[in-house]
Amino acid sequence: MPDTTGIRAKRQKPGEGFKDFVIREESDKGYPGFFNLIGIESPGLTASLAIAEFVKKLLA
Ligand SMILES: Cc1cc2nc3c(=O)[nH]c(=O)nc-3n(C[C@H](O)[C@H](O)[C@H](O)COP(=O)(O)OP(=O)(O)OC[C@H]3O[C@@H](n4cnc5c(N)ncnc54)[C@H](O)[C@@H]3O)c2cc1C
């Protein structure tokens, strides 16, 4: 039976509580203009346009 495939990003180890995804600009680590968008699991696809708008605001 056809099924979906892919890697579901997880920030927490098995047994740990849920950790939400991270969106941050890394100036304080010495990388101005570098963005990390980490551990974006569902609903990351649905939220992708809103995430893009959020990052655009961080760039302004
Ligand atoms: C089975 C499944 C069903 C899902 N269903 C939904 C849904 O119904 N609705 C919803 O909103 N979300 C859903 N999601 C979640 C959604 O797919 C993710 O939130 C979204 O794809 C995350 O986007 P991303 O760009 O952060 O990561 P990805 O889409 O995973 O993109 C990461 C990219 O980085 C590349 N990459 C990885 N490692 C490296 C490396 N070391 N060097 C260079 N490139 C690298 C990969 O090849 C890939 O192209 C689903 C996910 C899965 C797996």
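Residues numbered from 1 in each chain as written. Predicted model: local features only at pLDDT ≥ 70, side-chain atom pairs only at ≥ 80, totals over all residues. Heavy atoms only, no water.

1. A closer look at the site of the ligand
Right, so step 1: What surrounds the ligand is the set Thr-4, Thr-5, Gly-6, Ile-7, Arg-8, Ile-40, Glu-41, Ser-42, Pro-43, Gly-44, Leu-45 and Thr-46.
Right, so step 2: Within the backbone of Glu-41, a nitrogen or oxygen atom sits 3.4 Å from an oxygen atom of the ligand.
Right, so step 3: Within the backbone of Gly-44, one N or O atom sits 3.5 Å away from an oxygen atom of the ligand.
Right, so step 4: Here the ligand loses 37% of its free accessible area of 1000 Å² to cover by the protein chains.
Right, so step 5: Here the residues of the shell around the ligand sort into 4 nonpolar, 6 polar and 2 charged. (Near = heavy atom within 4 Å. Polar contact = N/O pair within 3.5 Å; in protein donor to acceptor, adjacent residues only side chain to side chain. Areas by Shrake-Rupley, 256 points an atom, 1.4 Å probe, with all protein chains shown as cover. Nonpolar A, V, L, I, M, F, W, Y, C, P; charged D, E, K, R; others polar.)

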